[in-house]
Amino acid sequence: MGTAMSPLPNQPKLSRRFRLQYEEAQSRWVLLYPEGMVQLNDSAAEILKRCDGERSLDAIVAELEQAFNTEGLAPQVQALLEEGQRRGWID
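Summary of the structure given here.

Procedures and definitions
- Residues numbered from 1 in each chain as written.
- Predicted model: local features only at pLDDT ≥ 70, side-chain atom pairs only at ≥ 80, totals over all residues.
- Heavy atoms only, no water.
- Core = buried A, V, L, I, M, F, W, Y, C linked by side-chain atoms within 4.5 Å.
- Buried < 20%, exposed > 50% of the residue type's maximum accessible area, 1.4 Å probe, protein only.
- Helix = DSSP H or I, 4+ residues; strand = E, 2+ residues; numbered from the N terminus.
- Contact = heavy atoms within 4.5 Å.
- Pairing = 2+ DSSP bridges.
- Axes fitted to C-alpha atoms, helices over the stretch in contact; angles between N-to-C directions.
- Expected span 1.5 Å × (residues − 1).
- Lys, Arg positive; Asp, Glu negative; His and termini not counted.
- Salt bridge = Lys/Arg side-chain N within 4 Å of Asp/Glu carboxyl O.

Points about the nonpolar core
Moving on, step 1. The biggest cluster of nonpolar side chains holds 22 residues, and the ones touching the most others in it are Leu-14, Leu-31, Leu-40, Leu-48, Val-77, Leu-81 and Trp-89.
Moving on, step 2. Those elements giving two or more residues to this core turn out to be helix H1 (42–49), helix H2 (57–67) and helix H3 (74–86).
Moving on, step 3. Beyond its immediate sequence surroundings of up to four residues, Trp-89 is in contact with Lys-13, Leu-14, Ser-15, Phe-18, Leu-31, Val-38, Leu-40, Leu-48 and Gly-84.

As for the environment of Pro-75
Moving on, step 1. Its place among the elements puts Pro-75 in helix H3.
Moving on, step 2. You can call Pro-75 exposed: its relative accessible area is 57%.
Moving on, step 3. In this structure the C-alpha to C-alpha distance between Pro-75 and Val-61, which are 14 residues apart in sequence, comes to 9.3 Å.

Here's the deal with the side chain of Ser-15
Moving on, step 1. Following the sequence through the fold, Ser-15 ends up in the segment before strand S1 (19–23).
Moving on, step 2. Excluding residues within four positions of it along the chain, Ser-15 makes contact with Gly-88, Trp-89, Ile-90 and Asp-91.

Digging into the sheet that holds strand S2 (residues 28–33)
Moving on, step 1. In spatial order, the strands read S1-S2-S3; together these three strands make up an open sheet with antiparallel pairing. One side of each edge strand has no neighbouring strand; the edge strands of this open sheet are S1 and strand S3 (36–39). The average angle at which neighbouring strand axes cross in this sheet is 35°, direction not considered.
Moving on, step 2. The pairing of S1 with S2 spans five bridges and is antiparallel. By the bridge assignment for S2, Tyr-22 is matched with Trp-29.

Some points on H3
Moving on, step 1. Compared with the 18 Å implied by 1.5 Å per residue over 13 residues, the 18 Å span of H3 between its first and last C-alpha is a close match.
Moving on, step 2. Lining the buried residues of H3 we find H1 and H2.
Moving on, step 3. Positive backbone phi, at 85°, marks Gly-88, one or two positions downstream of H3.

Details of the side chain of Glu-65
Moving on, step 1. Mapped onto the elements of the fold, Glu-65 is located in helix H2.
Moving on, step 2. At 11 Å, Arg-50 is the nearest oppositely charged side chain to Glu-65, a buried residue that forms no salt bridge.
Moving on, step 3. For Glu-65, the residues in contact, after removing those within four places along its chain, are Thr-70, Glu-71, Gly-72, Leu-73 and Ala-74.

Given below as structure tokens:
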């Protein structure tokens with residue numbers, strides 16, 4: 001049994017220690033932090049762009065499903081946010 005994770009916040013927000021930025025040189029979104037950088041795939045960037053502390057998880061999912069004309073994204077969005085929380089990206 002691992003340590004229990006705290007539940008995701010109702011309105012996930014990118015930690016102030018990280019800055020989401022598009023890197024022209026690499027043609028991709030990255031998370032910048034004092035110790036370095038995390039390269040993101042397009043899906044992760046779209047999710048994290050919406051983590052503003054105002055949108056709920058359901059709202060983020062609904063917005064993504066509408067933007068990309070698809071359904072059933074909740075498990076992937078939740079998985080990314082849980083991983084982001086483990087890594088300290090999400091407050």
